[in-house]
Structures are given as structure tokens and as C-alpha cells.
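Observations on the model geometry
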Amino acid sequence: LSFDDEDAFFLQNDLSLANENLSKATKTLEETGKELDEVEYLLKIVNPKLVWDRKEGLIGTDIAEKMEGAEGSAASQTLNQNKNDIGATGRDSTMMPPPPPSINASLS
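Residues numbered from 1 in each chain as written. Predicted model: local features only at pLDDT ≥ 70, side-chain atom pairs only at ≥ 80, totals over all residues. Heavy atoms only, no water.

1. Regarding the overall build of the protein chain
What the protein chain contains, in helices and strands, is three helices and two strands. Secondary structure elements of the protein chain, listed N to C terminal, follow the sequence α-β-β-α-α. In the protein chain, which comprises 108 residues, the share counted as buried stands at 18%. Restricting the contact set of the protein chain to residue pairs at least 6 apart, pairs at least 24 apart contribute 46%. For the protein chain, the computed accessible surface area is about 8700 Å², with 57% contributed by carbon and sulfur atoms. (Helix = DSSP H or I, 4+ residues; strand = E, 2+ residues; numbered from the N terminus. Buried < 20%, exposed > 50% of the residue type's maximum accessible area, 1.4 Å probe, protein only. Contact = heavy atoms within 4.5 Å. Areas by Shrake-Rupley, 256 points an atom, 1.4 Å probe, with all protein chains shown as cover.)

2. Brief notes about the pattern of salt bridges
Two side chains with opposite charge may pair up if their charged atoms get near one another. Taken as a whole and assessed by the stated rule, the structure comprises two salt bridges. Asp 37 is the partner of Arg 54 in a salt bridge, and the nearest nitrogen-oxygen pair spans 2.4 Å. Of this pair, Arg 54 sits in the loop between strand 1 (51-53) and strand 2 (58-60) while Asp 37 is found in helix 1 (residues 5-46), placing the two residues 17 residues apart along the sequence. The exposure class of Asp 37 is partly exposed, given its relative accessible area of 43%. (Salt bridge = Lys/Arg side-chain N within 4 Å of Asp/Glu carboxyl O.)

3. Digging into the side chain of Glu 40
Mapped onto the elements of the fold, Glu 40 is located in helix 1. For Glu 40, a relative accessible area of 15% puts it in the buried group. A polar atom in the side chain of Glu 40 sits 2.7 Å from the side chain of Arg 54. Here Glu 40 is in contact with Trp 52 and Arg 54, once residues within four sequence places are set aside. (Polar contact = N/O pair within 3.5 Å; in protein donor to acceptor, adjacent residues only side chain to side chain.)

4. Details of the packing of aromatic side chains
One pair of aromatic rings is described through two measures. These are the centre distance and the angle between the planes. Scanning the model with the defined rule gives one aromatic pair in all. Geometrically, the ring pair formed by Phe 9 and Phe 10 is edge-to-face, given 5.4 Å between the ring centres and 70° between the ring planes. The class of Phe 9 is exposed, set by a relative accessible area of 53%. (Phe/Tyr/Trp six-rings, centres within 6.5 Å; stacked < 30°, edge-to-face > 60°.)

5. Some points on a negative patch on the surface
A surface patch of negative charge is lined by Asp 4, Asp 5, Glu 6 and Asp 7. With respect to the helices, strands and loops of the structure, Glu 6 is situated in helix 1. (Patch = residues over 30% accessible without salt bridge, like charges linked within 9 Å, V, L, I, M, F, W, Y side chains within 5 Å. Lys, Arg positive; Asp, Glu negative; His and termini not counted. Charge placed at Lys NZ, Arg CZ, Asp CG, Glu CD.)

6. Considerations on a nonpolar patch on the surface
A surface patch of nonpolar side chains, amounting to about 350 Å² of accessible area, comprises Tyr 41, Leu 42 and Ile 45. Of note, Ile 45 is situated in helix 1. Overall, the relative accessible area of 53% leaves Ile 45 in the exposed class.

7. Some details on the environment of Ile 63
With respect to the helices, strands and loops of the structure, Ile 63 is situated in helix 2 (residues 63-66). Distance in space between the C-alpha atoms of Ile 63 and Trp 52 is 7.4 Å, their sequence separation being eleven residues.

8. Looking at the confidence of the model for the protein chain
Across the protein chain, the average pLDDT comes to 75, with 61% of residues at 70 or higher. Confidence scores differ between elements of the protein chain, with helix 3 (residues 74-86) showing the lowest mean pLDDT of 50 and helix 1 the highest of 94. Confidence drops under a pLDDT of 50 for residues 83-92, and excluding neighbours within four residues, the segment shows 15 contacts in the predicted structure. (pLDDT = per-residue confidence, 0-100.)

Next comes the structure, spelled out in C-alpha cells:
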């Protein structure tokens, strides 16, 4: 394959655009991670018995027990670590996924 100057220019341009998109995505991922850390910190303050699973988006007091079937998974390890950090509880709770996004529709 031989590339002329025009092909090289377009490939360089595509590479620059891909690098910019990667940088933006990485920055957004880091910001989202920081926001999740802040929310988890506040959750521990509000209710120290809560545990969460970032991957599944679940928050509750007994989700670690329900996830024991996935003992080797990273989510299970995170849940077990959170459980050890805040202490186990014998009280059942309802696992709830995050709420759906709100719809701002005006009624006419």
C-alpha cells in the first residue's frame, strides 16, 4: 500500500479527532467517578448500613447476601468490602434500582 500526502493528511486528521474524543470521554469518566464517590460518601453518612453495587446500580442493606452466587466477581468483592467497612445488618431491605429520569412535559 502506498499513501500519498492527501491520504496521510486525512489519516492524521482522523487520528486527531479520535484522540480528542478519547480525551473527552476519559475526562467525563473521571468526573462521573468523582461524583459517585461523593454520593457514596453521603450515603454512608445518611445510613451507614447501606451497601451499593456501581455496576448494577443497586443500593440496599442486603444486596451483598443476594449477590453471593457471584462470589468471584468484582462487584461481589466491592460489595463485600463495603459490607466490611460499614458492618453487616440482619434487617431485610428492598433493593431498588435508580429512579428513571424525570420527564419535564407540560400539560396543555
